[in-house]
Structure formats: C-alpha cells, structure tokens
Amino acid sequence: MTSPNTRIERDSMGEMQVPADALYGASTMRAVLNFPISDLRFPRQFIRALGLIKLACAQTHMDLGVLDPTIGNAIIQAAQEVADGMHDNHFVLDIFQTGSGTSTNTNANEVIANRASQILGGDLGSRLVHPNDHVNLGQSSNDVIPTAIHLAALLGMKEDLIPALEELRAALQQKSDEFWPIVKTGRTHLQDATPVRLGQEFSGYAGQAEYGISRVRRAEEALAEVALGGTAVGTGVNTHPESSGRTCARLSQMTGVNIRETGNHFQAQSTLDGVVEASGQLKTVAISMHKIANDIRFLGCGPRAGLGEINVPEVQPGSSIMPGKVNPVISESVIQVSAQVVGNDAAVALAGAGGYFELNTMMPLAAYNLLQSVSLLAASARNFAEQCVVGITATDTGPAMVEKGLMLGTALAPSIGYDAAAGIAKKAADTGQTIREVARAETTLSEAELDELLNPEEMTKPSLEVRAGGG
C-alpha cells in the first residue's frame, strides 16, 4: 500500500516504500530502518567529497568510452549538485551503519541516479539512470568510501585547518614581538626559575603553531594516496585499468589537493593506516593548543590573587553570582576541543584496528571522528586567535617580581660556586630579602659586579659563563 506521501522504489531485495519526494531509493530506506542508532551523520565535507568522486568517475568513464555521454552528463550535473550541498537533506543515514560505508555509498548512488533521471526528464524511481550500472560504474563502496575519507580530510585541512593555524601562528608571533622587551620570572615545575622574556614565552607558542602546520602537512601526505581503483577486494575487478589514475588526476585538478592512486590496493582497502597516521598528527596539534591555552589562562589568572602577568580580553561575564568576574572562557573552549580530539584519535585508532582480511569494517566511525577533529581544530584555532590572542596585553606584575626572584642566584654560581649561591637563595627565602641584598652582605662582590651578574635581561641570553645547572 502506498500513500500520497510515499512511492514504491525497488532494489535487488524487492520493493520498499520511500518518501514521495526523496531522492534516495529502496536500499537507502532499508538502511534508515536498520540503523536507528544516533543523530550522528556524515558531515558536509564528506558528502562533498563523495559527490566529487562520483562526478570525476563519470567524466573518466565517458572519456574511456564505457559510459553513455547523455547519461554521463546527467550524472555529472547531479553529482555537482551533491558536492555543492543542494541535496544534503537526502543523505539520511546514521554513522553507525555497515562498517564499509556501503549504505552511504548506495545513498549517494541513488540520490545522484534519481536526480540525473529527473534531469533527463524521467520520474523519481524511473531508473533512466541506474544507481549501480551507471553512477557506481567501475567502483565499489570498498574503494570509494576510504577515498572519500581521505579527500574530505584533505579538503578540510587545505581550506580550513592550515589557514586557521597560520592565523594563530601569526597572532602569537605578533605578541612575541610586542612583548619582547618585557622580562619576567620563568617557571619550571610550576616554581620560580631564571628570568625569561614574555616575548620568548610567546615565541614558543608561535613555534608550536608553526610545527603544528608542519604536522598537518605530514598528515596530508599520508592521506594523498587513495584506494580508488581497487573495487571490491583490491584486485580492480570490473573497473578499467586507467580509471583510477585518470580520476585521481581529475580530483587533484578540481580541488587543488594532491590525490594519487595507491601503489598497493590491498593495503589501501584492508587498512586505515593513513587515516590513523593523520589522526595522530591532529592529536599532537591538539596537545600543543592545550599547552598554549592553558599557559595563557594561568598567566592571566587573578587579576589580584593570581599571577596576573597578562590580561586576556573580557568577552563575557564570568559568573551568575559574582558581579564583575571575568573568566578565560576562550582558553577553556580550546582545552575542551583538545580533549575531544584526543578522544577522537582513540576512536580512530580502534577503527584502524578493524581491518579484517581484505576490508576495514569501521570506516564510517573513522571518517566521522577524523573529520570532526579537522573541523574542531580549525574553528578553535581561528577563534582562539581572534577572540583571545590578538587582544592580550601585558601587565607590570611580571617585571616587578623579577628583582624578588630567588633564581637570580643562579647568576652568582659561576663567581661564588653553586653551594654558596644556594645558601644565599635559602637565606633570601627565609628572610624575605632579595638575592641582591643577601649577596651584598655575605659576599665580596662589588655593587658593579652585582649589577653585572644580576642583570635579568642578560640572563635571558645564552652565556658560556653561566655554568650552573637547573631544572
């Protein structure tokens, strides 16, 4: 029985009722009913990548003479619409589905086939364009889905993540330059250490962002090699031997990212090693961002009962009960994103372990978590730069505490020895005096010598004369 709101579609298992205006067909509807697990869906970037792959495959097969040009051109138009996001509401399947992602590949095949049939003047379900014979020509879910994961991640890295990290690096470097004249007390083990420039601290943060970009570049290289062309088990059955190479070249030209056919299809389809490697690089970036955000919130803690060496921008009230309280909420957001990315990496690692014989069967899970990590890191890095880093200002608290710092005694060690310098530091700690005051009373060092040795700016530079160790 049908109703005005449904129509009958058919697949190899028989008839199914689908919503009357749905571009998908019977196999997708079966998957909708089979996997009512969560509200998690493949993200836009993945659907875009899937559409681009179907488009490029159709172009290649037309060139190779194995796809009718009338049908091929209709597929190209429909696949472009999918890539452009015009039919996202017809991609309805849960992430927690068949482990190869076959259901979502089928979803794409049916959407593109039905839309292409409409373009040719046919009705939905008319199969003027067939989802398997035409849209999926020379392909398998087993090589298309891992290729789509790689392509989607590459697009996210190129268009979003690397530009965001470059923006963060530039903002941190600008603050490093701005804060270079400011000398403050360094900290190791959360305890006072020898002086450091605030600009040097920020140069470290800028360096982390710069190295993060390099790590994402390495992730791009791991993802550049794709499984397309292996079809079912890596042998390339039912595909033209030139199909994958030509399609990868088209995808590279269309997107500006480097895509190439793997040299070993059996490893490319039975594993997710490239995805696992890329996720590990993203986890490292997340840990770097956690360090930067955490340092910034601690440097700004207070403003009166904490370190208070910097001011972070005041972006919103910090308390529903304490008037005037302002919290480092942007840093807290970054830290939470970092935790999520670490968790995503754990899920990707477990998904990578889901390769059995010729196929990995945890691909949708890996796709969702990898792409979420790319998206979260990009948005968080950009927001951190724009909402926090660019507005940071320095206070006079750090410089004011330098003369009181006990680790100034480190500079005395080359002249009077480690033990004597340690004794001065201990006496200064016990009496509340400064290192200079105790050294003036208990050593033969002249005032000029003390000025030279206890110059905090000089202590921020490498010096062969300073032989004392620390940690």
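Procedures and definitions
- Residues numbered from 1 in each chain as written.
- Predicted model: local features only at pLDDT ≥ 70, side-chain atom pairs only at ≥ 80, totals over all residues.
- Heavy atoms only, no water.
- Disulfide = S-S within 2.5 Å.
- Buried < 20%, exposed > 50% of the residue type's maximum accessible area, 1.4 Å probe, protein only.
- Axes fitted to C-alpha atoms, helices over the stretch in contact; angles between N-to-C directions.
- Helix = DSSP H or I, 4+ residues; strand = E, 2+ residues; numbered from the N terminus.
- Parallel < 35°, antiparallel > 145°, perpendicular 65-115°, else oblique.
- Left-handed = near helix turned anticlockwise from the far one by under 90°.
- Contact = heavy atoms within 4.5 Å.
- Nonpolar A, V, L, I, M, F, W, Y, C, P; charged D, E, K, R; others polar.
- Pairing = 2+ DSSP bridges.
- Core = buried A, V, L, I, M, F, W, Y, C linked by side-chain atoms within 4.5 Å.
- Salt bridge = Lys/Arg side-chain N within 4 Å of Asp/Glu carboxyl O.
- Polar contact = N/O pair within 3.5 Å; in protein donor to acceptor, adjacent residues only side chain to side chain.

**As for the state of the cysteines**
Step number 1: Counted under the stated rule, the structure contains 0 disulfides.
Step number 2: Among the cysteines around Cys57, which has no disulfide bond, Cys248 carries the closest sulfur, lying 8.6 Å off.
Step number 3: Exposure remark for Cys57: the relative accessible area of 2% places this residue in the buried category.

**Things to note about the packing of helix 2 (residues 44–63) against helix 6 (residues 141–179)**
Step number 1: Relative orientation of the contacting elements helix 2 and helix 6 amounts to 120 degrees, with a least axis distance of 8 Å. Comparing their axes, helix 6 and helix 2 come out oblique. Here helix 2 and helix 6 pass one another in a crossing that is right-handed. Between helix 2 and helix 6, the residues in contact are Gln45, Phe46, Arg48, Ala49, Leu50, Leu52, Ile53 and Lys54 and Val144, Ile145, Thr147, Ala148, Ile149, Leu151, Ala152, Leu155, Gly156, Glu159 and Asp160, respectively.
Step number 2: Split by residue class, the contact of helix 2 with helix 6 holds 12 nonpolar, 3 polar and 4 charged.

**Observations concerning the packing of helix 2 against helix 8 (residues 243–255)**
Step number 1: Across the interface, helix 2 lies against helix 8 with an axial gap of 9 Å and an inter-helix angle of 125 degrees. With respect to helix 8, the element helix 2 is oriented oblique. Considering the relative orientation of helix 2 and helix 8, their crossing is right-handed. Here helix 2 contributes Leu52, Ile53, Leu55, Ala56, Cys57, Gln59, Thr60, His61 and Asp63 to the contact with helix 8, which in turn contributes Ser243, Arg246, Thr247, Arg250, Leu251, Met254 and Thr255.
Step number 2: When grouped by side-chain class, the residues that make up the contact of helix 2 with helix 8 number 7 nonpolar, 6 polar and 3 charged.

**Concerning the pairing of strand 1 (residues 6–11)**
Step number 1: Of the two faces of strand 1, only the one carrying Arg7, Glu9 and Asp11 is buried; Thr6, Ile8 and Arg10 on the other face are not.
Step number 2: Two strands pair when backbone bridges link them, and strand 1 and strand 2 (residues 14–19) are joined in this way by 6 bridges, in the antiparallel orientation. Bridge assignment links Ile8 to a residue of strand 2, and that residue is Gln17.

**A short note on the nonpolar core**
Step number 1: In terms of nonpolar packing, the biggest core is built from 107 residues, with Phe46 and Phe384 touching the most fellow members.
Step number 2: With 18 residues, helix 6 is the largest single contributor of residues to this core.
Step number 3: Not counting residues up to four positions away in its chain, the partners in contact with Phe384 are Leu168, Ile292, Ala293, Ile296, Ile330, Ser331, Val334 and Val389.
Step number 4: By size, the runner-up hydrophobic cluster in this structure holds 15 residues, among which are Ala411, Ala421, Ala425 and Ala428.

**Thoughts on the pattern of salt bridges**
Oppositely charged side chains are able to pair whenever their charged atoms sit close together.
Step number 1: This model, assessed by the stated rule, comprises 23 salt bridges.
Step number 2: In this structure, the salt-bridge partner of Arg30 is Asp11, at a minimum N-O distance of 2.8 Å. In this pair, Arg30 is assigned in helix 1 (residues 26–34) and Asp11 in strand 1, connecting sequence segments 19 residues apart.
Step number 3: The shortest N-O distance in the salt bridge between Asp295 and Lys291 comes to 2.6 Å. Within this pair, Asp295 and its partner Lys291 are both found in helix 10 (residues 273–299), separated by 4 residues, close to a single helical turn.
Step number 4: Overall, the relative accessible area of 21% leaves Asp295 in the partly exposed class.
Step number 5: Three or more residues joined by partner-sharing salt bridges are found here, namely Lys184, Arg187, Glu201 and Glu309.

**Considerations on the environment of Ile213**
Step number 1: With respect to the helices and strands, Ile213 occurs in helix 7 (residues 198–224).
Step number 2: If we skip the residues at most four places from it in the chain, Ile213 touches Ile162, Leu165 and Glu166.

**With respect to the environment of Ser331**
Step number 1: As for its placement among the helices and strands, Ser331 is situated in helix 11 (residues 329–352).
Step number 2: Ser331 sits in the buried class, given a relative accessible area of 2%.
Step number 3: Polar side-chain contacts of Ser331 include one of 3.2 Å to the backbone oxygen of Ala293.

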